[in-house]
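# A structural walkthrough
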Amino acid sequence: MPIHSVYTLSKDDAEARSWHSFFRRHGYSELSNLIIERVYWLEGNIEVEKLLPLLANPLYQQTSSRTQLKPEMGPVVEIAYRPAVTDPETPSILAGARALGEDGLEFARLSKRYQFVGLEEAGARKIAARFLYNKIVERVREPNETPTTLRPSGKPDPVTSIALALLNDEQLMALSRQHSWYAPLAQMRAIQGHERSRGRVLTDAEIEIVAQTWSDHCYHTTWKSLGLLRRLTKATERIHHPLVVSVFKDNAGGIEFYDDWVVTIKGETHNFPSSIAPFGGVATKHGGVIRDTLGFGKGAYPIGGTTIMGTMDPRMAEDAVPPGALHPQLVVTESIRATAYYTNPMGIPMMHPIYRQHPGYAKCLALGHSVGLIPKKHALKDAPQPGDVALLIGGETGRDGIHGATVSSTGMTGETLERESAAVQIGHPITERRFTSAIPVLREADCIRSITDLGAGGISCAAGEMGAETGVALNLDAVPLKDQGLTAWEILLSESQERMLLAVPPEKLDQAQEILDCYEVGHCVLGHFTDTKRLEAVWRGGKVVNLEMSFLWEACPIEPLEEVEPRRQPKLLDIPEPRSQEEWGGAFRRVLSHYHGCDQSSAGSRFDTTVQGRTAVGPYGGRNHQMPTNIAVSAPLHGKPYGVITTIAMNPFYGEIDPAQMARLMMVEAITKAVVAGADFREMALCDNFYTPKVRPGVAWDLSRMVETIADFSVAIGVPFISGKDSSSGTLDCGDRKIEVPLTLAVATLGRIPNVKKIVTKEFKRAGNKLLLVGGCDASYLAGTVYADSYGQRGARLYDPGPTKSIMRLWDALHQLHNAGKYVSGSAIAEGGVGLRLFEAAYGSGLGADIDLVRMEAGFGKILPRRELKGRGKIDDAHRAKLRSDGLVFGEFIGSVILEVPSDFKIESFPRGVSCTPLGEVITEPILKLRGAETILWQDSISALTQSWNKTFQEVVE
Amino acid sequence: MRQAVTAILYAPGTNCHEETGAAIELAGGKSEVVLLHDLMEGRRGLGDYQAAVIPGGFSYGDHLGAGRIYGTLLVAKLRQQLVKFLEAKKPLLGICNGFQVLAEAGILPGRSPGKRGLALLENQSARFEDRKIRLVVSAEKTLWTESLQGEVLAMPTAHGEGRPLFCETSSAQSPRVAFRFADGAGNPTTRYPENPNGAPGSVAGITDATGMVLGLMPHPERASLPAHYSQDGLKLFLNLVQWLRRS
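The rules behind each value
Residues numbered from 1 in each chain as written. Chains lettered and ligands numbered in written order. Predicted model: local features only at pLDDT ≥ 70, side-chain atom pairs only at ≥ 80, totals over all residues. Helix = DSSP H or I, 4+ residues; strand = E, 2+ residues; numbered from the N terminus. Rg over C-alpha atoms; globule rule 2.2 N^0.38 Å. Buried ≥ 20, exposed ≤ 12 C-beta atoms within 10 Å, placed from the backbone. Contact = placed C-beta atoms within 7 Å. Pairing = 2+ DSSP bridges. Axes fitted to C-alpha atoms, helices over the stretch in contact; angles between N-to-C directions. Core = buried A, V, L, I, M, F, W, Y, C linked by C-beta atoms within 7 Å. Parallel < 35°, antiparallel > 145°, perpendicular 65-115°, else oblique. Left-handed = near helix turned anticlockwise from the far one by under 90°. Nonpolar A, V, L, I, M, F, W, Y, C, P; charged D, E, K, R; others polar.

## Thoughts on the overall build of chain B
When you go through chain B residue by residue, the secondary structure sums to 5 helices and 11 strands. The globule rule puts the C-alpha radius of gyration for 247 residues at 18 Å, and the 16 Å found for chain B is close to it. The dimensions of chain B, computed from C-alpha atoms along their principal axes, are 45 × 35 × 35 Å. Counting only residues that meet the buried cut, chain B has 68% of its 247 residues in that class. Counting only contacts in chain B whose residues sit at least 6 apart along the sequence, the fraction spanning at least 24 positions is 74%.

Below, the structure is given as structure tokens:
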């Protein structure tokens, strides 16, 4: 078929201008202009003229059949997707062309031509490689290319049998690596044993399915070996919480909401793909976790999400980046672009955009949550029945993402970046958006018996799981393909995004297909559920898979893991206490400009926070809508006052000091954030996401202690974990050294509240009001704080919020006060301590605060009984004997809160047994003021402080 | 008498149809989500409805340009129905992506399907802008802003392409601006981020010659319900419902 090209040039190109100034800021001052020309490649017998209204708007775009760039102006670099990857726009161009009556268009592709005016060819290519394309999925299109077709094409390899019976251990392992199964020896032996006992050589498709099913990513072998999954589910069972509807077993966890609705939560990490190809990895992180919501019960509707990225410091020098890792600035900027690219078109409000850094995140943390809503009567799946149709819906199946499950279960090396390129997927949000609209309609029409998403392991995993109890027979020839070169195992394993698998009662099939047609969702009958208890598949006339479900689901050998307590060598902090106005100013600027404390709204404002019309409190609030709120409150039932509240706690610094204590603190922090806003901790559930290095004895020990801690603590406070996910592959192997992620646990809360209008937010409300610090406070603990990190130090012992009972008493007291309307603003202390919270509350209100450190210190003596000071063994951090005033201001007293109360509030009226100490008062003047015994230690205007606060992140991303 | 029904047109990628329906309902009106697919297949007709809203979203993934595919389909497949709807002077509202669709289809500013007189270009910042902004209502007469002239309304914006470029040749008939981005004092502003997309003349929304068709980038439906931080957007839907009751 002939291939036509249409070159378009925009008269007003904001993207080109934006890149131009970006490059100039990043050292390319000789770049005098940047021009972007977009090219459409169109294959088919067509009249190009007819398509022009579709391809360009003549008001600002000029089209031509030849390039409009003048070669003498500067070098041109043309970027396009690799031939095996379909452009996201291709289906839309085809649909538009058909509407215009041009049926001859067979395929379409796009490319972008960047002309760098003022640069040499080499410089242009260097910029392009660094910033403009990802070589895993895109490439530079050379000027003289003349492809014969635009379609991804190829012939599939035949299915082969792979005999294992005669192989020795070494050969088994070599095979496991060669095929990217990454199956450990015990698993390879189990598969070998199966072959021997059945007397039948397995096909490549069968071994692929087994390796994928048994991968750590899908089977959680590490966690199972350590008994951790059981530990957490037992804890939740023991709590027997009346609101809990569904825990751990389904794609998400759910609690009862109001009016016979259920709200759900799920968190997923997508660390490996996001590390090697951040744009594709992060986009599909969102796509994947949203599908977990859609795959909950009989199909929940996503009403909110998060994005949490942990990278190395994005400001690090280029030559300090370890081999095998991308520059963290690229990871962050690409991840922001990807989150906007995926979640905005999905129409799902962003609840918590959070960016964190730690030198251990060479293999980055890419976590996302999805919150969902579903009628209670549809919250539990039915079991597929023999005879039910296995209906595959959504996008076509391609070569993308093959071996994602097995590769992501292993560590990452410098070579992974090149070798496992196929494991990276491209997301097409429009495809997912289509079935997001259709699924509730299918559900309400009783077309769904069961539903699950296709993620890691693709069809293999989804069909294997759904048919585990019955059996399922698949016809792989029915699967619509993007790439005709896919062989059977690739079709089974492909992790092409935006697909779901449904079990549809046979009598409902016609109706289901009609609904899907109306919503323009692709679908195919993949097969049907059977009573054979086998996973079967046919392809091109032959049976290529015939596995017993019992082998697949029960025969995976779980090897014992050794646990050895790691020896930490804590270093005491050595931080000079500020003595002068100037030093205090410096201390504040350190915290406000710290990556974890600074204004991250230049990322957050790129994500839609109000779509769906459910947002009562979004991630930013206050007078100018730019103050971080640290909570998200949604009113999911339009017109009803009921609210869903979510909060997040995640801290990579604490994990380095004491992983178990960190785990407890994360629970306390997340819950306290919700409680101070007005939620009752008794109407709340939790979601855990672990990210840990590849397991070795020391890591296994820590991981076990973390899980024990959160399991026990959740039982003690009666707040259950209902959903979670673990990733134990946070190790980058750089050849001569290994970089391990810090032990990471992100805790998310999901709570319900009767009235969103009663939510109390952080910003100050009125000058003259009193400020109180409620809860514990210990000025000698600065370990793990943002303040300490700003000195490049970590410290030795984390702050302890005290016994469980006193924490619960505080939560109850806060809830009582809230219900009685006793406080008008409030915030939970976390990173950056009291100091950061005061700044934010002032920034969000246009008011200021006058803080009396002497009264705070006096209160401190009272609230921390002597026995606690003495009873904790050795004094570890520096300056233990003396109260540090910077410790009061920047200590991270997790579990404590700042409250703003009316001036006539009697501190004596505070609920008994809860510590409360006066901090100072809200003042009209927008300044922060710290008072010492006789003098003002320091004061500065909020506007001057804002300068420090809002630069850090902006400089990273803009 | 049968209550007037407002069609909320859904195409793949539309994602603000439910809350738009909720806002109309709170205003006392009745609405129905109508699939573009059903209109194109002839299962539904625009003529069955007394008003229509094209809500926000990323129709067809914003591919080739925001609103481009949707606009192309409207003109290529539904031109007759559309012309009838316009001639009958029925209220038509395009919010955000809906405004982009109306522009791509040529319905705004010129009521001329297939002839584009306005493009909504990428924001000056070259990024998606999620902001809570103020709008000042102009003196132009439209049913949507009746009795709101001069008022400052608070509502969210969330878009990547909202910077209007009007066709130079149509300058004789300058566009009828219905809303302008405003600063804290309520004055039209070109300052970022109060004017989040860099719109020249602070233009945030326009109406057609009849005042029946309105397109705006901000989202009134997200500032309508009691749970929202502002209910200013509801005023537009109240005007719609009142007008439908009157006529």
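Read on for the rest.
## A word on the sheet that holds strand β10 (residues 301-311) of chain A
Sheet strands line up and pair through hydrogen bonds in the backbone, either parallel or antiparallel. Residues and elements named next belong to chain A. One open sheet holds the 6 strands; their spatial order is β7-β8-β9-β12-β10-β11, and the pairing between them is mixed. Every interior strand has two partners, whereas the edge strands, β7 (244-246) and β11 (350-357), have only one. Looking at each pair of strands side by side, their axes are set apart by 20 degrees on average, direction ignored. Sheet analysis places strand β8 (residues 253-256) next to strand β9 (residues 261-269), joined by 4 bridges and oriented antiparallel. Bridge pairing links Gly-254 to Thr-264 in β9. Sitting on the sheet, helix α12 (residues 278-294) is in contact with β9, β10 and β12 (365-375), with an inclination near 25 degrees to β12.

## Brief notes about the sheet that holds strand β33 (residues 848-852) of chain A
All names here are of chain A. The strand order across the open sheet built from 7 strands is β32-β34-β31-β35-β33-β36-β37, with neighbouring strands paired in mixed fashion. Looking at strand neighbours, the two that pair on one side only are β32 (825-828) and β37 (936-941), the edges of this open sheet. Going across the sheet, the axis of each strand differs from the next one's by a mean of 20 degrees, ignoring polarity. Pairing between strand β31 (residues 770-774) and strand β35 (residues 916-923): 5 bridges, direction antiparallel. Considered in β35, the bridge of Leu-772 is made with Pro-918. Here helix α24 (residues 659-677) sits on the sheet and contacts β32 and β34 (897-901); the angle it forms with β32, its principal contact strand, is near 175 degrees.

## Looking at the nonpolar core
Among the nonpolar cores identified, the biggest contains 344 residues, and Ala-390, Leu-492, Met-666, Ile-671, Leu-750 and Ala-842 of chain A together with Leu-135 of chain B are the most heavily contacted of them. Ranked by residues supplied to this core, first place goes to α24 of chain A with 13 residues. Beyond its immediate stretch of four places on either side in the chain, Leu-135 of chain B contacts Val-152, Leu-153, Met-155, Phe-179, Arg-180, Phe-181, Ala-182, Ala-204 and Pro-218 of chain B. Ranked by size, the runner-up nonpolar core spans 12 residues in total, among them Trp-19, Tyr-114, Phe-116 and Leu-119 of chain A.

## Describing the packing of helix α13 (residues 328-346) of chain A against helix α16 (residues 429-444) of chain A
All names here are of chain A. Following both chains from N to C, one finds α13 and α16 inclined at 25 degrees, their axes separated by 9 Å at the closest point. As far as their axial angle goes, α16 and α13 are roughly parallel. For the element pair α13 and α16, the recorded crossing hand is right-handed. The segment α13 lies against α16, with Tyr-342, Pro-345 and Met-346 engaging Pro-429, Ile-430, Glu-432, Arg-433 and Thr-436. Class assignment for the residues of the contact of α13 with α16 results in 5 nonpolar, 1 polar and 2 charged.

## Overview of the pairing of strand β36 (residues 927-931) of chain A
Residue and element names in this part refer to chain A. Every second residue of β36 is oriented toward a common face, the buried set being Leu-928 and Leu-930 and the non-buried set Ile-927, Lys-929 and Arg-931. Examined bridge by bridge, β33 and β36 share 4 bridges and lie parallel to one another. Paired with Asp-850 across the bridge in β36 is Lys-929. Turn length for the β36-β37 hairpin, with the two strands adjacent in sequence and antiparallel, is 4 residues.

## Points about the environment of Gln-511 of chain A
Residue and element names in this part refer to chain A. Positionally, Gln-511 belongs in helix α19 (residues 509-518). Gln-511 gets classed as partly exposed once you count the C-beta atoms within 10 Å, which come to 15. When the C-alpha positions of Gln-511 and Asp-446 are compared, they lie 9.7 Å apart, and in sequence the two are 65 residues distant. With near-sequence residues (within four places) excluded, Gln-511 lies in contact with Ala-445 and Cys-447.

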